[in-house]
Amino acid sequence: MTTIKTKTGAAALPLNTILEGDCIEAMNALPADSIDLIFADPPYNLQLKGDLHRPDNSKVDAVDDHWDQFDSFKVYDKFTRAWLKAAKRVLKPNGALWVIGSYHNVFRMGAELQNQGYWILNDVIWRKSNPMPNFRGKRFTNAHETLIWRQNPKVQNILSTMRLSRSSTKVFRCVRIG
């Protein structure tokens, strides 16, 4: 696997390559209708105000990097609209998009997916085996993330090409390896 660091994206369609850089710029540099699958784990827009501490007062190493900082929901929504538009352009007509998020952002992304004409096939629950503890006891422990599976509405349902048993579940357990 090759990694290409880029500021303006890639000139041609690189195969078996991770493009590292601004996702919108990188996707905009790719040919239209060229990608089979996009798995996106966008910023969650946690909007943490200050440090987060455990009951023993030790600091939680939370996501507070610049890439997860947005001035407002309006700015976050503008970013979400832009990257989903870029993703839609590069996906092949029968391509798939998987987007993962938490309660902080998944509903905003789902609404924007529908606004842009995406067809949502499923939401899939990824159950965490080691969720962030409920430190203050004021809400339920967030022990899952949600994946949204989308396809082009003009294409035959991708499930028709897969064999799923009637008992197929959409709840998956995350197992730590190593």
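Structure shown above.
Reading the values: the criteria
- Residues numbered from 1 in each chain as written.
- Predicted model: local features only at pLDDT ≥ 70, side-chain atom pairs only at ≥ 80, totals over all residues.
- Heavy atoms only, no water.
- Pairing = 2+ DSSP bridges.
- Helix = DSSP H or I, 4+ residues; strand = E, 2+ residues; numbered from the N terminus.
- Phe/Tyr/Trp six-rings, centres within 6.5 Å; stacked < 30°, edge-to-face > 60°.
- Buried < 20%, exposed > 50% of the residue type's maximum accessible area, 1.4 Å probe, protein only.
- Salt bridge = Lys/Arg side-chain N within 4 Å of Asp/Glu carboxyl O.
- Contact = heavy atoms within 4.5 Å.

Quick look at the pairing of strand β4 (residues 91–101)
Point 1. Looking at chain direction, strand β3 (residues 35–40) and β4 are connected through 5 bridges and run parallel. Within the sheet, the bridge partner assigned to F39 lies in β4 and is W98.
Point 2. Where β4 and strand β6 (residues 144–151) come together, 6 bridges link them in antiparallel fashion. Bridge pairing in β6 places V99 opposite I148.

A few points about the packing of aromatic side chains
Point 1. Under the defined criterion, the tally for this structure stands at 4 aromatic pairs.
Point 2. Seen from their ring centres, F70 and F79 are 5.5 Å apart, and the 40° between their planes marks the pair as tilted.
Point 3. Judged by its relative accessible area of 17%, F70 falls in the buried class.
Point 4. A ring pair is formed by W98 and W149, whose centres lie 5.0 Å apart and whose planes are at 10°; its orientation type is stacked. One end of the pair, W98, is in strand β4; the other, W149, is in strand β6, with 51 residues separating them in the sequence.
Point 5. Assessed through its relative accessible area of 8%, W149 is described here as buried.
Point 6. One aromatic cluster is present, formed by F70, Y76 and F79 through successive ring pairs.

Some thoughts on the pattern of salt bridges
Point 1. Summed over the entire model, instances satisfying the criterion amount to 3 salt bridges.
Point 2. Between D77 and R108 there is a salt bridge, and its shortest N-O distance comes to 2.7 Å. Here R108 lies in helix α3 (residues 106–115) and D77 lies in helix α2 (residues 73–90), a separation of 31 residues in the sequence.
Point 3. Judged by relative accessible area, which is 29%, R108 ranks as partly exposed.
Point 4. Its salt-bridge partner being E112, residue R81 comes within 3.9 Å of it at the nearest N-O pair. One end of the pair, R81, is in helix α2; the other, E112, is in helix α3, and 31 residues separate them in sequence.

Quick word on the environment of P42
Point 1. By the element assignment, P42 lies in the loop between β3 and α2.
Point 2. On a C-alpha basis, the gap between P42 and D68 in space is 8.7 Å, while along the polypeptide they are 26 residues apart.
Point 3. Apart from residues lying up to four places away in sequence, P42 is in contact with W83, V99, I100, N105 and M109.

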